[in-house]
Amino acid sequence: RFMTGYIVNPNMEADGDQGYDGTVTGWTYTTDATNHGTLNGQTGAFTGHAFENWKSAGLTDGKIYQTVTDMPDGVYRFDLAAMVRTTTNQFIYVKSNNKTFRTYLSAANETAAAYSVYAIASGGSMEIGLDINASGIDWAAIDNAALTYYGTGADAYELVHTQEKTLLNTIA
């Protein structure tokens with residue numbers, strides 16, 4: 001089931017063109033970005049406006065995120081278009097009930113790519129977003145967030161199990 005309606009401002013369009021010093025409705029950032037607002041005209045998986053964090057001297061570690069509430073328990077797929085200047089330890093994530101599910105970014109440049117992560121949510125809420133492990137990067141941005149609900153059946157949980165197994169094999 002498509003559940004993107006639970007995300008506030010999933011396509012970063014609610015605030016229009018606000019320039020570099022704004023807020024993006026529904027989303028929070030914890031980096032020390034000097035430019036934080038919407039940008040337009042980027043390529044790749046971005047469409048329309050995107051939410052950027054930029055600082056010429058390099059960002060501090062942080063995240064761009066939103067907490068989604070009133071969600072049924074079960075398995076979800078979170079989709080997000082993301083861009084960072086380096087992919088070292090950058091990932092999209094879902095955090096629910098003190099468990100974090102992640103997919104690491106694989107493309108480092110100014111062209112956004114689409115990423116997905118399967119997660120188990122419980123307790124009615126989840127935090128979704130991009131985790132930024134800055135390491136000298138100066139620019140990150142997101143767009144086109146989406147949630148799909150897969151339910152609580154064994155086949156749904158198998159999606160998460162397969163993802164986690166692949167992640168462990170990747171870092172082993």
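Everything discussed here concerns the structure shown above.
A brief report on the enclosed structure follows. (Residues numbered from 1 in each chain as written. Predicted model: local features only at pLDDT ≥ 70, side-chain atom pairs only at ≥ 80, totals over all residues. Heavy atoms only, no water.)

## Digging into the pairing of strand E2 (residues 35–40)
Across a regular strand the side chains alternate sides, sitting on one face of the sheet and then on the other.
Then, in step 1: Among the six residues that make up E2, five are buried, leaving the element largely enclosed by the rest of the structure.
Then, in step 2: Bridge count for E2 against strand E3 (residues 49–54) is six bridges, and the pairing is antiparallel. In the strand pairing of E3, Leu39 is matched with Ala50. (Buried < 20%, exposed > 50% of the residue type's maximum accessible area, 1.4 Å probe, protein only. Helix = DSSP H or I, 4+ residues; strand = E, 2+ residues; numbered from the N terminus. Pairing = 2+ DSSP bridges.)

## Comments concerning the nonpolar core
Then, in step 1: Ranked by internal contacts, the top residues of the largest apolar core, which has 39 residues, are Trp27, Phe78, Ile92, Met126, Leu130, Ile142 and Leu147.
Then, in step 2: Ranked by the residues each element gives to this core, the list is headed by strand E5 (residues 74–84), at six residues.
Then, in step 3: Other than its neighbours up to four places away in sequence, Trp27 contacts Ile7, Val8, Asn9, Met12, Phe51, Ile64, Tyr65, Gln66, Ile128, Ile142 and Ala145.
Then, in step 4: Judged by nonpolar contacts, the second largest core, of eight residues, contains Phe46, Ala50, Ala81 and Trp139. (Core = buried A, V, L, I, M, F, W, Y, C linked by side-chain atoms within 4.5 Å. Contact = heavy atoms within 4.5 Å.)

## A look at the sheet that holds strand E8 (residues 113–121)
Then, in step 1: Spatial strand order, E2-E3-E10-E5-E8: five strands in an open sheet with antiparallel pairing. In this open sheet, the two strands that pair with only one neighbour each are E2 and E8. Averaged over all neighbouring strand pairs, the angle between strand axes comes to 35°, with direction disregarded. (Axes fitted to C-alpha atoms, helices over the stretch in contact; angles between N-to-C directions.)

## Things to note about the packing of aromatic side chains
Then, in step 1: For the structure on display, the rule yields five aromatic pairs.
Then, in step 2: For the ring pair Tyr29 and Phe51, a centre distance of 6.2 Å and an interplane angle of 80° mean the geometry is edge-to-face. In this pair, Tyr29 sits in strand E1 (residues 28–29) while Phe51 sits in strand E3, placing the two residues 22 residues apart along the sequence.
Then, in step 3: Judged by relative accessible area, Tyr29 falls into the partly exposed class, the value being 25%.
Then, in step 4: When the ring of Tyr76 is compared with that of Tyr149, the centres are 4.9 Å apart and the planes differ by 50°; the resulting orientation is tilted. Within this pair, whereas Tyr76 is found in strand E5, its partner Tyr149 is found in strand E10 (residues 139–151), the two being separated by 73 residues in sequence. Tyr149 shares its class with Tyr76; the two are buried.
Then, in step 5: One aromatic cluster is present, formed by Phe91, Tyr93 and Tyr104 through successive ring pairs.
Then, in step 6: The aromatic ring of Tyr65 is capped on one face by Lys63, whose charged end is 4.6 Å from the ring centroid.
Then, in step 7: Over the face of the ring belonging to Phe101 we find Lys99, whose NZ or CZ atom lies 5.0 Å from the ring centre. (Phe/Tyr/Trp six-rings, centres within 6.5 Å; stacked < 30°, edge-to-face > 60°. Lys NZ or Arg CZ within 6 Å of the ring centre and 35° of its normal.)

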